[in-house]
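What the coordinates show
Spelled out from the first residue to the last, the chains are:
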Amino acid sequence: MLEKSALYVVATPIGNLSDITLRALDILAKVDVVAAEHIQNSKHLLASHSISAKWISLHQHNETAVTDKILALLASGGCVALVTDAGTPGISDPGAILVQRVRAQGYSVIPIPGANAAVCALSAAGITNPHFLFYGFLPTKTGLRQRELTALQSQTNTLIFYEAPHRILECVTDMLVVFGPQRQLTIARELTKLFETIHVGTLQETLVWLQADTNQQKGEFVLLLSGAEILDKSEVSEQARHTLTCLLNELPLKQAVKLTTEITGENKNSLYQLALDLKAAKYPE
Ligand code: SAM
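Before going into details, it helps to say that this report is about the structure given with it. Quick caveat, the model's predicted, so the values are computed rather than measured.

A short note on the packing of aromatic side chains
According to the stated counting rule, one finds three aromatic pairs in the structure shown. Aromatic pair Tyr135 and Phe161: ring centres 5.5 Å apart, planes at 50°, arrangement tilted. Residue Tyr135 is located in strand S6 (residues 132-137), and its partner Phe161 is located in strand S7 (residues 158-163); the two are separated by 26 residues in the primary sequence. Its relative accessible area of 24% is what places Tyr135 among the partly exposed residues. Of the residues examined, Phe161 reaches a relative accessible area of 0% and is grouped as buried. A ring pair is formed by Phe137 and Tyr162, whose centres lie 5.8 Å apart and whose planes are at 65°; its orientation type is edge-to-face. Of this pair, Phe137 sits in strand S6 while Tyr162 sits in strand S7, and the two are 25 residues apart along the sequence. Among the residues examined, Tyr162 registers a relative accessible area of 10% and is labelled buried.

This is the structure in structure tokens:
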């Protein structure tokens, strides 16, 4: 039995039509209306599981207007399922506005979990860092994309991006420019589909690999970029070491350490110890 006046947010496959849960199929067969990003795509999915439904189109350009209709349906006791073309609604997909307004009106919003491209890629990438930041789609223009990437430069979490095939080369090139050749990039392409590929390499090596085979530039992509190295608290960065060395040439040790701490924000005790070491190396007893 379905709950009355409820919105079910239903995850659908990201490629392989069998990647849908039994619960999702049950709900899609029973709701009064299915709100879909592209009705034809979702009809195809439901038909492959012998389910027919009453449809309403909901996409990024009509989400606000269609939300009013869905609220009216919920008010009359109906229940609605929301699906998008692939994966989990609301994740780089429409849904958040609808969910927010349905919740605000006091109706139940019930998530039906399932496929998501980012998590699918992460699960098979073998990345040991337990922390990640899901970014989604980067800006489409190089200037803005590089600016956005630069803002993420010191992130220590794995960074997860979605990218379209016609921008994959430009995007990886910009990553190389901003993060340098040695950062690790995992490319997860066409997950759960015939040409599924998961490639792990440095940015430099991965760009060469992509350029060498145009087939690898086709399809849908998740990019997992390893995070910045986490500095040991007792370690001093190259930049701080340089600043401290310069200041030690001009100032007394304590003052040089104080200023370096202020400029770089690094650990005072580590800088103090380094200053002592540098002094000892310069003036051996
Ligand atoms: N809501 C979806 C989810 O939960 O992952 C994402 C929808 S977003 C509009 C579509 C993007 O997700 C694609 O451009 C691609 O970057 C990524 N994606 C979707 N399916 C994929 C797949 N099978 N393999 C790799 N990436 C995929």
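Brief notes about the sheet that holds strand S1 (residues 6-10)
Overall, parallel pairing links the five strands, which are arranged S3-S2-S4-S1-S5 in an open sheet. The open sheet has two edge strands with one neighbour each: strand S3 (55-57) and strand S5 (108-112). Shown here is a sheet whose adjacent strand axes are inclined to one another by a mean of 25°, direction ignored. Alignment of strand S2 (residues 33-36) against strand S4 (residues 80-83), held across four bridges, turns out to be parallel. Bridging from a neighbouring strand, Ala36 pairs with Val83 of S4. Helix-sheet contacts for helix H1 (residues 22-30) involve S1, S2, S4 and S5, and the interaxial angle to S5 is about 135°.

Conventions and cut-offs
- Residues numbered from 1 in each chain as written.
- Predicted model: local features only at pLDDT ≥ 70, side-chain atom pairs only at ≥ 80, totals over all residues.
- Heavy atoms only, no water.
- Phe/Tyr/Trp six-rings, centres within 6.5 Å; stacked < 30°, edge-to-face > 60°.
- Helix = DSSP H or I, 4+ residues; strand = E, 2+ residues; numbered from the N terminus.
- Buried < 20%, exposed > 50% of the residue type's maximum accessible area, 1.4 Å probe, protein only.
- Pairing = 2+ DSSP bridges.
- Axes fitted to C-alpha atoms, helices over the stretch in contact; angles between N-to-C directions.
- Contact = heavy atoms within 4.5 Å.

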